[in-house]
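Structure at a glance
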Amino acid sequence: EAGVTQFPSHSVIEKGQTVTLRCDPISGHDNLYWYRRVMGKEIKFLLHFVKESKQDESGMPNNRFLAERTGGTYSTLKVQPAELEDSGVYFCASSQDTAGPQETQYFGPGTRLLVL
Amino acid sequence: ELKVEQNPLFLSMQEGKNYTIYCNYSTTSDRLYWYRQDPGKSLESLFVLLSNGAVKQEGRLMASLDTKARLSTLHITAAVHDLSATYFCAVDQYGNKLVFGAGTILRVKS
(Lines give C-alpha, C1' and ligand atoms only; values in the text may rest on other atoms or scores of the structure.)
Protein backbone atom coordinates (compact mmCIF):
# COMPACT_ATOMS: atom_id res chain seq x y z
CA GLU A 1 0.00 0.00 0.00
CA ALA A 2 1.38 3.37 -0.99
CA GLY A 3 1.97 5.86 1.80
CA VAL A 4 1.31 9.58 1.85
CA THR A 5 3.19 11.27 -0.96
CA GLN A 6 4.11 14.92 -1.35
CA PHE A 7 5.36 16.93 -4.26
CA PRO A 8 7.75 18.59 -4.72
CA SER A 9 10.26 17.32 -2.19
CA HIS A 10 12.12 20.65 -2.31
CA SER A 11 11.23 24.11 -3.57
CA VAL A 12 13.36 27.23 -3.66
CA ILE A 13 11.57 30.44 -4.61
CA GLU A 14 12.04 34.15 -4.28
CA LYS A 15 10.06 36.32 -1.94
CA GLY A 16 6.83 37.40 -3.59
CA GLN A 17 6.52 34.35 -5.81
CA THR A 18 3.82 31.71 -5.59
CA VAL A 19 4.33 28.07 -4.67
CA THR A 20 1.87 25.21 -4.69
CA LEU A 21 2.48 22.09 -2.67
CA ARG A 22 0.65 18.86 -3.33
CA CYS A 23 -0.28 15.99 -1.07
CA ASP A 24 -1.71 12.61 -2.03
CA PRO A 25 -3.10 10.82 1.02
CA ILE A 26 -3.34 7.10 1.53
CA SER A 27 -6.17 5.76 -0.59
CA GLY A 28 -9.43 5.64 1.33
CA HIS A 29 -8.38 8.09 4.02
CA ASP A 30 -11.03 10.76 4.44
CA ASN A 31 -8.95 12.87 6.82
CA LEU A 32 -6.10 14.96 5.50
CA TYR A 33 -3.94 17.30 7.55
CA TRP A 34 -1.30 19.91 6.83
CA TYR A 35 1.45 20.73 9.32
CA ARG A 36 4.64 22.71 9.04
CA ARG A 37 7.94 22.98 10.87
CA VAL A 38 9.55 26.38 10.67
CA MET A 39 13.22 27.02 11.46
CA GLY A 40 13.71 23.97 13.68
CA LYS A 41 10.75 24.80 15.89
CA GLU A 42 7.89 22.49 16.77
CA ILE A 43 5.77 20.92 14.09
CA LYS A 44 2.59 23.03 14.00
CA PHE A 45 -0.88 22.12 12.78
CA LEU A 46 -2.22 24.14 9.85
CA LEU A 47 -5.53 22.59 8.89
CA HIS A 48 -7.67 19.47 8.66
CA PHE A 49 -9.90 18.29 5.82
CA VAL A 50 -12.60 15.70 6.09
CA LYS A 51 -13.13 14.63 2.53
CA GLU A 52 -13.37 17.93 0.64
CA SER A 53 -14.52 20.03 3.61
CA LYS A 54 -12.30 22.07 5.87
CA GLN A 55 -12.94 20.75 9.37
CA ASP A 56 -10.46 22.99 11.17
CA GLU A 57 -8.27 25.69 9.67
CA SER A 58 -7.33 27.35 12.93
CA GLY A 59 -3.61 26.91 12.31
CA MET A 60 -3.45 28.71 8.97
CA PRO A 61 -1.11 31.65 9.59
CA ASN A 62 -2.73 34.22 7.30
CA ASN A 63 -4.64 34.70 4.08
CA ARG A 64 -1.56 34.16 1.95
CA PHE A 65 -2.14 30.45 2.49
CA LEU A 66 -4.89 28.66 0.60
CA ALA A 67 -5.60 24.95 0.92
CA GLU A 68 -7.93 22.98 -1.28
CA ARG A 69 -9.03 19.39 -1.57
CA THR A 70 -11.27 19.15 -4.57
CA GLY A 71 -13.06 15.83 -4.88
CA GLY A 72 -11.81 14.70 -1.50
CA THR A 73 -8.66 13.09 -2.85
CA TYR A 74 -5.41 14.98 -3.15
CA SER A 75 -4.87 18.38 -1.58
CA THR A 76 -2.91 21.46 -2.54
CA LEU A 77 -1.50 24.18 -0.36
CA LYS A 78 -0.73 27.43 -2.14
CA VAL A 79 1.36 30.20 -0.68
CA GLN A 80 0.88 33.52 -2.48
CA PRO A 81 2.89 35.68 -2.19
CA ALA A 82 5.59 33.81 -0.31
CA GLU A 83 7.49 35.57 2.46
CA LEU A 84 10.85 34.72 4.04
CA GLU A 85 9.18 33.42 7.22
CA ASP A 86 7.30 30.82 5.21
CA SER A 87 10.48 28.79 4.81
CA GLY A 88 10.29 25.42 6.49
CA VAL A 89 9.12 21.87 6.01
CA TYR A 90 5.47 21.31 5.14
CA PHE A 91 4.10 17.93 6.13
CA CYS A 92 0.92 16.29 5.02
CA ALA A 93 -0.74 13.49 6.96
CA SER A 94 -3.81 11.36 6.49
CA SER A 95 -5.96 9.11 8.63
CA GLN A 96 -8.96 6.92 8.15
CA ASP A 97 -11.14 7.55 11.19
CA THR A 98 -10.43 10.15 13.88
CA ALA A 99 -12.62 8.37 16.42
CA GLY A 100 -10.95 4.98 16.32
CA PRO A 101 -8.96 4.17 19.48
CA GLN A 102 -5.81 3.22 17.63
CA GLU A 103 -6.23 5.81 14.94
CA THR A 104 -2.94 7.18 13.69
CA GLN A 105 -2.04 9.99 11.37
CA TYR A 106 0.33 8.79 8.65
CA PHE A 107 2.77 11.39 7.50
CA GLY A 108 4.37 12.12 4.17
CA PRO A 109 8.07 12.95 3.78
CA GLY A 110 7.43 16.68 3.65
CA THR A 111 8.17 19.48 1.20
CA ARG A 112 11.18 21.61 2.10
CA LEU A 113 10.40 25.20 1.12
CA LEU A 114 13.06 27.88 1.05
CA VAL A 115 12.04 31.46 0.33
CA LEU A 116 14.92 33.73 -0.60
CA GLU B 1 -3.73 26.20 25.04
CA LEU B 2 -2.20 22.75 25.01
CA LYS B 3 1.57 22.72 25.34
CA VAL B 4 3.85 19.73 24.94
CA GLU B 5 7.35 19.75 26.37
CA GLN B 6 9.89 17.15 25.47
CA ASN B 7 13.28 16.57 27.00
CA PRO B 8 16.07 16.19 26.44
CA LEU B 9 16.24 17.87 23.03
CA PHE B 10 19.49 16.15 22.18
CA LEU B 11 20.74 12.83 23.46
CA SER B 12 24.05 11.21 22.71
CA MET B 13 24.21 7.63 23.90
CA GLN B 14 26.71 4.84 23.89
CA GLU B 15 25.61 1.57 22.37
CA GLY B 16 24.29 -0.81 24.97
CA LYS B 17 23.16 1.90 27.39
CA ASN B 18 19.64 2.68 28.57
CA TYR B 19 17.95 6.07 28.55
CA THR B 20 14.55 7.73 28.77
CA ILE B 21 12.94 10.57 26.83
CA TYR B 22 10.25 12.52 28.66
CA CYS B 23 7.12 14.16 27.33
CA ASN B 24 4.99 16.45 29.50
CA TYR B 25 1.74 18.00 28.34
CA SER B 26 -0.36 20.72 29.90
CA THR B 27 -4.02 19.66 29.56
CA THR B 28 -6.00 16.45 29.40
CA SER B 29 -6.02 14.68 26.09
CA ASP B 30 -7.45 11.62 24.35
CA ARG B 31 -4.29 10.14 22.92
CA LEU B 32 -0.55 10.46 22.95
CA TYR B 33 1.68 9.40 20.08
CA TRP B 34 5.35 8.73 19.64
CA TYR B 35 6.83 9.19 16.19
CA ARG B 36 10.27 8.55 14.77
CA GLN B 37 11.81 10.55 11.93
CA ASP B 38 14.95 9.66 10.00
CA PRO B 39 16.59 12.56 8.12
CA GLY B 40 14.58 13.53 5.06
CA LYS B 41 11.97 10.85 5.70
CA SER B 42 8.38 10.70 6.89
CA LEU B 43 7.38 10.65 10.52
CA GLU B 44 6.85 6.99 11.36
CA SER B 45 4.28 6.15 14.00
CA LEU B 46 5.77 4.11 16.84
CA PHE B 47 3.12 4.02 19.56
CA VAL B 48 -0.39 5.22 20.33
CA LEU B 49 -1.15 5.47 24.04
CA LEU B 50 -4.73 5.90 25.17
CA SER B 51 -5.26 5.28 28.84
CA ASN B 52 -3.60 5.84 32.16
CA GLY B 53 -0.96 3.22 32.84
CA ALA B 54 -0.75 2.16 29.20
CA VAL B 55 2.56 0.55 28.32
CA LYS B 56 3.61 -0.55 24.86
CA GLN B 57 6.83 -2.15 23.73
CA GLU B 58 8.41 -2.71 20.36
CA GLY B 59 11.91 -4.09 20.27
CA ARG B 60 14.21 -1.90 22.34
CA LEU B 61 11.62 0.85 22.75
CA MET B 62 8.99 1.00 25.45
CA ALA B 63 6.47 3.81 25.89
CA SER B 64 4.29 4.51 28.91
CA LEU B 65 1.60 7.00 29.81
CA ASP B 66 0.61 8.54 33.15
CA THR B 67 -2.45 10.70 32.46
CA LYS B 68 -2.64 11.97 36.03
CA ALA B 69 0.89 13.34 35.83
CA ARG B 70 0.38 14.26 32.14
CA LEU B 71 3.62 12.49 31.40
CA SER B 72 4.74 9.97 28.85
CA THR B 73 8.12 8.31 28.66
CA LEU B 74 9.96 6.58 25.84
CA HIS B 75 12.52 4.20 27.28
CA ILE B 76 15.38 2.91 25.19
CA THR B 77 16.99 -0.34 26.27
CA ALA B 78 20.48 -1.35 25.20
CA ALA B 79 20.69 1.23 22.45
CA VAL B 80 21.98 0.29 19.01
CA HIS B 81 23.13 2.55 16.20
CA ASP B 82 19.95 1.91 14.17
CA LEU B 83 17.93 3.78 16.78
CA SER B 84 19.61 7.06 15.84
CA ALA B 85 16.79 9.37 14.69
CA THR B 86 14.61 12.22 15.90
CA TYR B 87 11.77 11.19 18.20
CA PHE B 88 8.63 13.26 18.63
CA CYS B 89 5.80 12.98 21.06
CA ALA B 90 2.47 14.43 20.01
CA VAL B 91 -0.78 14.89 21.88
CA ASP B 92 -4.14 14.65 20.19
CA GLN B 93 -6.25 17.73 20.80
CA TYR B 94 -9.99 17.60 20.13
CA GLY B 95 -9.76 14.35 18.27
CA ASN B 96 -7.92 15.56 15.23
CA LYS B 97 -5.21 18.15 15.72
CA LEU B 98 -1.81 16.95 16.92
CA VAL B 99 0.31 19.19 19.14
CA PHE B 100 3.97 18.19 18.93
CA GLY B 101 6.90 18.40 21.25
CA ALA B 102 10.11 19.91 19.94
CA GLY B 103 11.64 16.51 19.21
CA THR B 104 14.60 14.67 20.67
CA ILE B 105 17.60 14.09 18.42
CA LEU B 106 19.06 10.75 19.43
CA ARG B 107 22.58 9.74 18.39
CA VAL B 108 23.86 6.33 19.36
CA LYS B 109 27.63 6.03 19.28
CA SER B 110 29.44 2.75 18.87
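Now for a quick tour of the structure. If you're wondering where the values come from, they're calculated on a predicted model, not measured in any experiment.

Now for the overall build of chain A. For chain A, the helix and strand inventory stands at 0 helices and 11 strands. Reported as C-alpha extents along the three principal axes, the dimensions of chain A are approximately 40 × 25 × 25 Å. When each of the 116 residues of chain A is scored for burial, the buried share is 48%. Long-range contacts, defined as pairs at least 24 residues apart, comprise 53% of the intrachain contacts of chain A with a sequence gap of at least 6. Approximately 5,800 Å² of chain A is accessible, and the part contributed by carbon and sulfur atoms is 50%. Here chain A contributes 12 positive and 14 negative side-chain charges, whose respective centroids are spaced 5 Å apart.

Right, let's talk about the interface of chain A and chain B for a bit. At the interface, 23 residues of chain A touch 20 residues of chain B. Inspection of the chain A/chain B interface yields 1 salt bridge. A salt bridge links Lys97(B) to Asp56(A), with the nearest nitrogen and oxygen atoms 3.8 Å apart. The interface formed by chain A and chain B contains 6 residue pairs in polar contact (both at pLDDT 80 or more). Listing elements by their share of the side of chain A that touches chain B, those giving two or more residues are β4 (31-37), β5 (43-50) and β6 (53-56) of chain A. Each residue belonging to the side of chain A that touches chain B can be placed in one class, and the counts come to 9 nonpolar, 9 polar and 5 charged.

Residues and elements named next belong to chain A. Ordered by their spatial adjacency, 4 strands build an open sheet running β1-β3-β8-β7, and the pairing between neighbours is antiparallel. Of all strands in the sheet, those with a lone pairing partner are β1 (5-7) and β7 (65-68), marking the two edges. Here the average twist between neighbouring strands, direction ignored, is 15 degrees.

Turning our eyes to something else, we now look at the state of the cysteines. As enumerated under the stated definition, the model contains 2 disulfides over all chains in all. Note that Cys23(A) is cross-linked by a disulfide to Cys92(A), the S-S spacing being 1.8 Å. With the S-S bond torsion at -65 degrees, the cross-link from Cys23(A) to Cys92(A) turns out left-handed. Residue Cys23(A) is located in strand β3 (residues 19-24), and its partner Cys92(A) is located in strand β9 (residues 88-95); the two are separated by 69 residues in the primary sequence. For Cys23(A), a relative accessible area of 0% corresponds to the buried category. Note that Cys23(B) is cross-linked by a disulfide to Cys89(B), the S-S spacing being 2.1 Å. Between Cys23(B) and Cys89(B), the S-S dihedral sits near 80 degrees, and the bridge is therefore right-handed. With Cys23(B) in strand β3 (residues 19-25) and Cys89(B) in strand β9 (residues 85-93), this pair connects stretches of sequence that are 66 residues apart. A residue is classified by how much of its surface remains accessible, and Cys89(B), at 0% relative accessible area, is buried.

Scoring rules and cut-offs
- Residues numbered from 1 in each chain as written.
- Chains lettered and ligands numbered in written order.
- Predicted model: local features only at pLDDT ≥ 70, side-chain atom pairs only at ≥ 80, totals over all residues.
- Heavy atoms only, no water.
- Helix = DSSP H or I, 4+ residues; strand = E, 2+ residues; numbered from the N terminus.
- Buried < 20%, exposed > 50% of the residue type's maximum accessible area, 1.4 Å probe, protein only.
- Contact = heavy atoms within 4.5 Å.
- Areas by Shrake-Rupley, 256 points an atom, 1.4 Å probe, with all protein chains shown as cover.
- Lys, Arg positive; Asp, Glu negative; His and termini not counted.
- Charge placed at Lys NZ, Arg CZ, Asp CG, Glu CD.
- Salt bridge = Lys/Arg side-chain N within 4 Å of Asp/Glu carboxyl O.
- Polar contact = N/O pair within 3.5 Å; in protein donor to acceptor, adjacent residues only side chain to side chain.
- Nonpolar A, V, L, I, M, F, W, Y, C, P; charged D, E, K, R; others polar.
- Pairing = 2+ DSSP bridges.
- Axes fitted to C-alpha atoms, helices over the stretch in contact; angles between N-to-C directions.
- Disulfide = S-S within 2.5 Å.

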